[in-house]
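Remarks on the overall topology
Each chain, written out:
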Amino acid sequence: METTRRRCVTNRDLAFLTELGEVTVLSVDVIHRRYFAADRTGKSCRRRLHYLTAAKFVTPVAITAHIGPRTDHHTVYRLTSTGADWLTQRTGQIVRVLKTDPKADTLLHRVLVARTVLALADGALTAGRSKPSWLLESDRWPHAPRDVPEPRQYRLTFDFLGIPINPGRPIEQYGPPVYDDPTVTLVKARPDAACVLTVSDVSAPLVLLFEVDAGTETVSQLTRKLPGYHAILTRRTFCHPWQDLIDQLPVGARVLFVFTSEERMHNFLDYLTADSARLWARTGVYCSSAADKERAAAFLESCFRFTTLDELEKADCLRRQIWYTLFLHQTSGKLAMSTGGM
């Protein structure tokens, strides 16, 4: 236990605050489950959160949002500037802290992203892998001005100029973005999080790009995010956000979709199976040919993986078979990360 400025900080407090400084927000139910597992009633958890709030380390944000039952109430905790400063001095690490007040749905989505980050970090530890290096959607480039296009502000923001080769055909090639032409529609990618991870002893490090689905968009809207990921992978821009952060850049990347509902995941995979050429942006009237669907399906099978957050949060997630692919979805087969699943 550490005592500082008449505040008593336990090892459990430090673990909680450190992880909160990595993921920015956590809800009370996650905090209770993760740091107070033996506290059946939740009283010890609430009492400690009240103490850390009074000590000005954290602050609660009470919200009502509609991810789940329409009457769901959630309390989300975030670091204060005081807590962030103390944690930076205590750990010597970069600490993430919210500097604005996002909408309720945005906060709850960030909690889902936080759970994803912590689950994979736990899985890496259990599997004997190095702790992943993480980037979140809100991570900015150092000293980036706010009056430039988003990819020059945020590390995990990508814009591409789609290059149509023939009229009525899907866009499969991309160039640098053009911002001074209002008639141009760019192909955009906005991953929720990304990490660099070595998944097994015989594999090279990979960039893992996460799309965490809160169930608030239609399946069609979710599918429209695929062209941006196709552009990242084919243009190999997945290394760009890491260029000043790690010594050896990864050689490949995978896109991981994480769902909060198994039914939602299977609906999405059914929708994608029906026309895998939804992988690409389209111009004008376009009808997918059998060859198009086959080529797109092969790309999806190679580079995209799908699971649920419940599966990811179970013990030993790197070694368990939890990942569907487009083809395995049709046979109910799954892959594991550390045994060739990536």
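For the structure itself, consult the block above.
Quick summary incoming for the structure in this document. (Residues numbered from 1 in each chain as written. Predicted model: local features only at pLDDT ≥ 70, side-chain atom pairs only at ≥ 80, totals over all residues. Heavy atoms only, no water.)

1. Brief notes about the overall build of the protein
When helices and strands are tallied, the protein shows 10 helices and 13 strands. Expressed as lengths along the three principal axes of its C-alpha atoms, the size of the protein is roughly 70 × 45 × 45 Å. Across the 342 residues that make up the protein, the buried fraction comes to 51%. Within the protein, counting contacts between residues at least 6 apart in sequence, those at least 24 apart form 61% of the total. Of the side chains in the protein, 44 bear a positive and 37 a negative charge, and the two mean positions are spaced by 5 Å. (Helix = DSSP H or I, 4+ residues; strand = E, 2+ residues; numbered from the N terminus. Buried < 20%, exposed > 50% of the residue type's maximum accessible area, 1.4 Å probe, protein only. Contact = heavy atoms within 4.5 Å. Lys, Arg positive; Asp, Glu negative; His and termini not counted. Charge placed at Lys NZ, Arg CZ, Asp CG, Glu CD.)

2. Focus on the sheet that holds strand β11 (residues 206-213)
Within the open sheet, the 5 strands sit side by side as β6-β10-β11-β12-β13. Their pairing is mixed. For this open sheet the edge positions go to β6 (133-136) and β13 (304-308), each flanked by a neighbour on one side alone. On average, each strand axis in the sheet is tilted by 25 degrees relative to the strand beside it, whichever way the strands run. Bridge count for strand β12 (residues 252-259) against β13 is 5 bridges, and the pairing is parallel. Opposite Phe 257, over in β13, you have Phe 306 as the bridge partner. Of the strands in this sheet, β11, β12 and β13 are in contact with helix α8 (residues 262-274), which crosses β13 at around 155 degrees. (Pairing = 2+ DSSP bridges. Axes fitted to C-alpha atoms, helices over the stretch in contact; angles between N-to-C directions.)

3. Remarks on the packing of helix α2 (residues 28-35) against helix α5 (residues 104-126)
At a minimum axis distance of 11 Å, the contact between α2 and α5 shows a crossing angle of 15 degrees. Here α2 is positioned roughly parallel relative to α5, judged by the angle of their axes. The chirality of how α2 crosses α5 is left-handed. Mapping the contact onto sequence places Val 30, Arg 33, Arg 34 and Tyr 35 in α2 and Val 111, Arg 115, Leu 118 and Asp 122 in α5. Each residue belonging to the contact of α2 with α5 can be placed in one class, and the counts come to 4 nonpolar, no polar and 4 charged. (Parallel < 35°, antiparallel > 145°, perpendicular 65-115°, else oblique. Left-handed = near helix turned anticlockwise from the far one by under 90°. Nonpolar A, V, L, I, M, F, W, Y, C, P; charged D, E, K, R; others polar.)

4. Details of the side chain of Ser 276
Of note, Ser 276 is situated in the loop between α8 and α9 (290-303). Take Ser 276: its relative accessible area is 3%, and that puts it in the buried class. A polar side-chain atom of Ser 276 sits 2.6 Å from the main-chain carbonyl oxygen of Lys 293. Contacts of Ser 276, omitting those with residues within four sequence positions, involve Lys 293, Ala 296, Ala 297, Leu 300 and Leu 326. (Polar contact = N/O pair within 3.5 Å; in protein donor to acceptor, adjacent residues only side chain to side chain.)

5. Remarks on the packing of aromatic side chains
Scanning the entire structure with this criterion turns up 13 aromatic pairs. When the centroid spacing of 5.6 Å and the interplanar angle of 35 degrees are considered together, the rings of Phe 257 and Phe 306 count as tilted. Here Phe 257 is found in strand β12, whereas its partner Phe 306 is found in strand β13, with 49 residues between them in sequence. Like Phe 257, the residue Phe 306 is buried in the burial classification. An aromatic cluster is defined as three or more aromatic residues linked by ring pairs; in this entry it consists of Tyr 229, Phe 257, Phe 259, Phe 268, Phe 299, Phe 304 and Phe 306. Above the ring of Tyr 154, the side-chain terminus of Arg 140 is found at 5.0 Å from the ring centroid. The residue whose ring lies beneath Arg 278 is Tyr 271, and the NZ or CZ to ring-centre distance is 3.8 Å. (Phe/Tyr/Trp six-rings, centres within 6.5 Å; stacked < 30°, edge-to-face > 60°. Lys NZ or Arg CZ within 6 Å of the ring centre and 35° of its normal.)

It is worth stressing that arrangement in space is one thing and function is another; only the former is reported here.
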